[in-house]
Amino acid sequence: MELSRYDTSAFFDEMFDPERRPRTGCELLARTLSSLPDEDLARRQRAAERSLLHAGITFNVYGHERGTEKILPFDLVPRVVPAREWATIERGLAQRTRALNLFIDDVYHARRIVAAGIIPGEIVESATSYLPGCRGLDPPQGVWCHITGTDLVRDGDGQYYVLEDNLRCPSGVSYVLHNRTVMKRTFPRVFQASRVRPVDAYPSELLRVLQNVRPRGIATPTVVVLTPGPYNSAYSEHSFLAQQMGVELVESRDLTVRDGFLWMRTTRGMARVDVIYRRMDDTFLDPTVFRRDSMLGIPGLMNVVRAGRVTLANAPGTGVADDKVVYAYVPAIIRYYLGETPILPNVPTYLCFDDKQREHVLSNLHKLVVKAANESGGYGMIIGPQASAAERAAFADHIRANPRNYIAQPLLALSQVPTLIGDFLEGRHVDLRPYILHGGDDIFVLPGGLTRVALKKGSYVVNSSQGGGSKDTWVLADDSSGHSNNSNHSSPSNNSNSSSQSNSSSPSNNSSPSNNSSPSNNSSPSNNSSPSNNSSPSNSSSPPNNSNSSSPSNNSNRSNSKEAQAC
Amino acid sequence: MLSRGADALYWMCRYAERAENVARFLDVSLQVMLDMPDSHDDPWEGVIAATGEEEYFTERYGAASRDAIVRFLTIDTESPYSIVSCVRQARDNARSIREAISSETWEQINKWYLLVRDAATVDALIDDPHDFLAAVKEASHLFVGITYLTMTHGEGWHFGRLGRVLERADQTSRIVDAKQQLLHAGPADISATLDEIHLSALLRSVSALEMYRKRYGRFEHVNVVEFLVLDKLFPRSIRYCLSKGQLSLQAITGTPVDASGTKPERLLGRLNAEYEYAIVSEILAQGLHDHLDGLQLKLNEVGYAIYETFFASRSDPAAELARVEAAQ
């Protein structure tokens, strides 16, 4: 593989410095890549994709002709994060998660932060993800956001920024584990020599967190994973995590509330459920409290939750902390609750409800990215420099009509990683989603994360629905490994503690990746073709079938669950 | 375990077993046609009759022809009885309970599905389906073996085996039924060579040829019936399937051997006892077709009782909402 034509001049490159010298920890990897015959890399790439397909690591695609499942495109060149950089990221994420958890708890109780004048009360209440039904809720151990996926990006100078927090039910972690399995097979020697930190502990850590937040008085809790069903786009992740933790994967039709407790229907009658890792959006959980039209919900669930007889992870209402306007206050939130300086900076953000900032945004639309506060997945946003004048004018009207709903950020020049395109390596833009677990007594940051890559040339959109793929993320155990003999300080892209919110900072020229998680995002099972709609045989002329429409167990009443949000 | 999970395991194995049986049946039917004299009329009618889907077939394809039948039983995604449909349904069930089965089991059924899905796009398969059918049988054997070796033989596994053996009993009865006229008739009606071809085809379709030879030696109609219906040890005989099914049911419920247990246990136990003590000449006197028809009805009763006892406890969401709101 010829690397001399690989271009590192335009963007921050994760593997090479501007003089094309391998960065810390990348020496052996770079040497291996350059020594491999071209077709060998392509062959390994195909083998990796085949093994993902066989393992059924897929996400559901709608309206796709042949089979509705696709693998997330996988690129075999890993992204390397040196130990020193990771140490900062890890501390920064733990700090951020701790502060956000305190914020959510405060917002649904005394609202000290509003009284202190740090964040306006109307900002909190006008967030569509704020759920008044959660006021006064006291989740066990005071934990609301048990599982968080925080999206990080790197700018042209190598600085890491938090692009957004995902505190509801972030997806993608199963790709982290599967990508790793595939990479160990693809580059066993380089992997071993690079001393990459393992990610296998995730299911155990997740189970530990879930057990730790069990209701009071329960010694050995029954933990389940709640999925909207097999037609949900992230279903394979739901089942994978349940399987890896050794717990039941339930759908809401398996659950029922009776006598003040939550039960699941088993072959031996009803069994108590104590902790639910739910992968279903808040508002679908309980039709008596949130959306009445949710056929995916479990009626009465919230009463059981409030009584402390079942724990939901994440707790309902956590989405208030990932509203994009609230996001702009996170550095202040960290200072307020922890009295600490934020370790990971936000991307500078303009708030359109503020008159002065809105005027600045409106007159600089051609330079900015504007996003709706409660949308994700690349919806409700405009990338100013790439939009037409007419599009910008139309968007300006939206902003004026509903200023609370919009924020603006400069375009970041996202970092790039070498990526196999055809037979050659070319730079493609990436983001990074690490996963953080909050179990009450401590916070665990998985050493790794999902590196999403925009496979289209020049694109900054890493979503799977828009040509995004993923890479393995190698967090090094120590920065002296993975290279032959040179010193390990080729890349000083260290992110200092400066969290300057000064709005004018970074130079713009790119877009920011839209979020809405790759592997998942979508709607829900259209249950009437559900595989387990099994009836039993009726008669003899033809063999019994379980998809029989006359089945007594047919759940046709669920068909309007289409709009349910996936997690 | 979850009722829904038990249900899906049971059907996962039933559909997998069905896919294998369709492959066996079609493969041997194709082979036997090669040995048939041209004069023999409508050999394909009998093939489609054995599937129990004659009406649906005629509606879709009209007259029975080799190519239509091959397509109908292999790659016709609309036909519920085709191999591709059976494997897809087995896999859909597996996918809904991936946490309840081993990764290896899942991966095997997923690969099996990818195999038939990709094959279904190749029209050449219709001309020469042999390799495809062999691959399907092999994938099924791998699936059964992997399930056996990687899953705890607990409740879930027993639900799977229960589904598998009930399906197999049903399929074996259909295959025998398809040849029942032949099995009743003596060599007087039909040339001895042709008779030999039919009997060996029947035995081969359930992989019973060599095992039959070891047990009985020469082909005798009555012995072939006895072997496929009443043999105690041959894994595709009806009696064998019933006895394993009963064992699995007992393992699931924990019922002691001398107790009668739940409704499906009573029904299956009674059926099993009937076959343990059955005499082949009585079956033939009753009429093989009537006998097998009765068996299929009884198997369906067992299936329904299993459904009622273990799987059916889901409520309708609207009713559930009304119940909870009334309570509040």
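How each quantity is defined
Residues numbered from 1 in each chain as written. Chains lettered and ligands numbered in written order. Predicted model: local features only at pLDDT ≥ 70, side-chain atom pairs only at ≥ 80, totals over all residues. Helix = DSSP H or I, 4+ residues; strand = E, 2+ residues; numbered from the N terminus. Buried ≥ 20, exposed ≤ 12 C-beta atoms within 10 Å, placed from the backbone. Contact = placed C-beta atoms within 7 Å. Axes fitted to C-alpha atoms, helices over the stretch in contact; angles between N-to-C directions. Left-handed = near helix turned anticlockwise from the far one by under 90°. Nonpolar A, V, L, I, M, F, W, Y, C, P; charged D, E, K, R; others polar. Pairing = 2+ DSSP bridges. Domains from an automatic or database assignment. pLDDT = per-residue confidence, 0-100. Parallel < 35°, antiparallel > 145°, perpendicular 65-115°, else oblique.

**Here's the deal with the overall build of chain A**
Argument step 1. Looking only at helices and strands, chain A features 14 helices and 22 strands.
Argument step 2. Split into buried and exposed, the 567 residues of chain A put 56% on the buried side.
Argument step 3. The long-range share in chain A, meaning contacts at least 24 apart out of those at least 6 apart in sequence, stands at 74%.

**Quick word on the packing of helix H12 (residues 209–216) of chain B against helix H13 (residues 221–230) of chain B**
Residues and elements named next belong to chain B.
Argument step 1. Close contact between H12 and H13 brings their axes to 11 Å; oriented N to C, the two are set at 115°. Pair H12 / H13 crosses with right-handed handedness. Of the residues in H13, those in contact with Tyr212, Arg215 and Tyr216 of H12 are Asn223, Val224 and Phe227.
Argument step 2. Class assignment of the residues belonging to the contact of H12 with H13 gives a composition of four nonpolar, one polar and one charged.

**Examining unusual backbone geometry**
Residues and elements named next belong to chain A.
Argument step 1. Backbone torsion omega between alanine 313 and asparagine 314 reads -5°, so that peptide bond is classified as cis.
Argument step 2. In this model, arginine 20 sits at a positive phi of 65°, which is unusual for a non-glycine residue.
Argument step 3. Mapped onto the elements, arginine 20 comes out in the segment before helix H1 (27–35).
Argument step 4. Positive phi, close to 50°, is recorded for arginine 195, a residue that is not glycine.

**Notes on the pairing of strand E22 (residues 468–475) of chain A**
All names here are of chain A.
Argument step 1. In terms of burial, E22 is a largely internal element, eight of the eight residues being buried.
Argument step 2. Sheet topology places strand E3 (residues 74–81) next to E22; five bridges connect them, and they run parallel. Residue phenylalanine 74 lies in a different strand from E22, and its bridge partner there is serine 470.
Argument step 3. Pairing between strand E21 (residues 450–454) and E22: four bridges, direction antiparallel. What sits directly across from valine 453, in E22, is glycine 469.

**Overview of the sheet that holds strand E16 (residues 406–410) of chain A**
Remark on secondary structure: sheet strands pair via backbone hydrogen bonds, oriented parallel or antiparallel.
Residues and elements named next belong to chain A.
Argument step 1. Taking strand neighbours across the sheet as the criterion, the four strands line up as E13-E16-E14-E15 in an open arrangement whose pairing is antiparallel. A single partner strand is all that each edge strand has here, and the edge strands are strand E13 (350–351) and strand E15 (381–383).
Argument step 2. For strand E14 (residues 368–372) and E15, the ladder comprises three bridges, and the chain directions are antiparallel. When the sheet's bridge partners are listed, valine 369 is paired in E15 with isoleucine 383.
Argument step 3. Seen against the sheet, helix H14 (residues 389–401) touches E14, E15 and E16 and runs at an angle of roughly 140° to E15.

**Digging into the domain arrangement of chain A**
Residue and element names in this part refer to chain A.
Argument step 1. Taken domain by domain, chain A holds domain 1 (27–347 + 412–475) and domain 2 (350–409).
Argument step 2. The gap between the C-alpha centroids of domain 1 and domain 2 is 27 Å.
Argument step 3. Listed by partner, the interface residues are eleven residues for domain 1 and nine residues for domain 2.
Argument step 4. For the side of domain 1 that touches domain 2, the class distribution of residues is four nonpolar, five polar and two charged.

**Concerning the domain arrangement of chain B**
Residues and elements named next belong to chain B.
Argument step 1. When its domains are assigned, chain B resolves into domain 1 (1–151) and domain 2 (153–315).
Argument step 2. On a C-alpha basis, the centres of domain 1 and domain 2 stand 20 Å from each other.
Argument step 3. Each partner contributes to the interface: domain 1 provides 27 residues, whereas domain 2 provides 24 residues.
Argument step 4. At the level of secondary structure, the elements contributing two or more residues to the side of domain 1 that touches domain 2 comprise helix H1 (3–34) and helix H2 (43–51).
Argument step 5. In terms of residue class, the side of domain 1 that touches domain 2 is made up of 14 nonpolar, seven polar and six charged.

**Structural notes on the confidence of the model for chain B**
In low-pLDDT segments, the atomic positions of the prediction should not be examined closely.
Argument step 1. With 92% of its residues at a pLDDT of 70 or more, chain B shows a mean pLDDT of 88.
Argument step 2. Predicted complex, confidence summary: ipTM 0.80, pTM 0.83.

**Considering the packing of helix H9 (residues 155–178) of chain B against helix H14 (residues 238–253) of chain B**
Residues and elements named next belong to chain B.
Argument step 1. Put simply, H9 and H14 touch, their axes get as near as 8 Å, and they point 160° apart. In terms of axis orientation, H9 runs roughly antiparallel to H14. Viewed along their axes, H9 and H14 form a crossing whose handedness is left-handed. Residues Glu155, His158, Phe159, Arg161, Leu162, Val165, Leu166, Arg168, Ala169, Thr172 and Ser173 of H9 pack against Ile238, Cys241, Leu242, Lys244, Gly245, Ser248, Leu249, Ala251 and Ile252 of H14.

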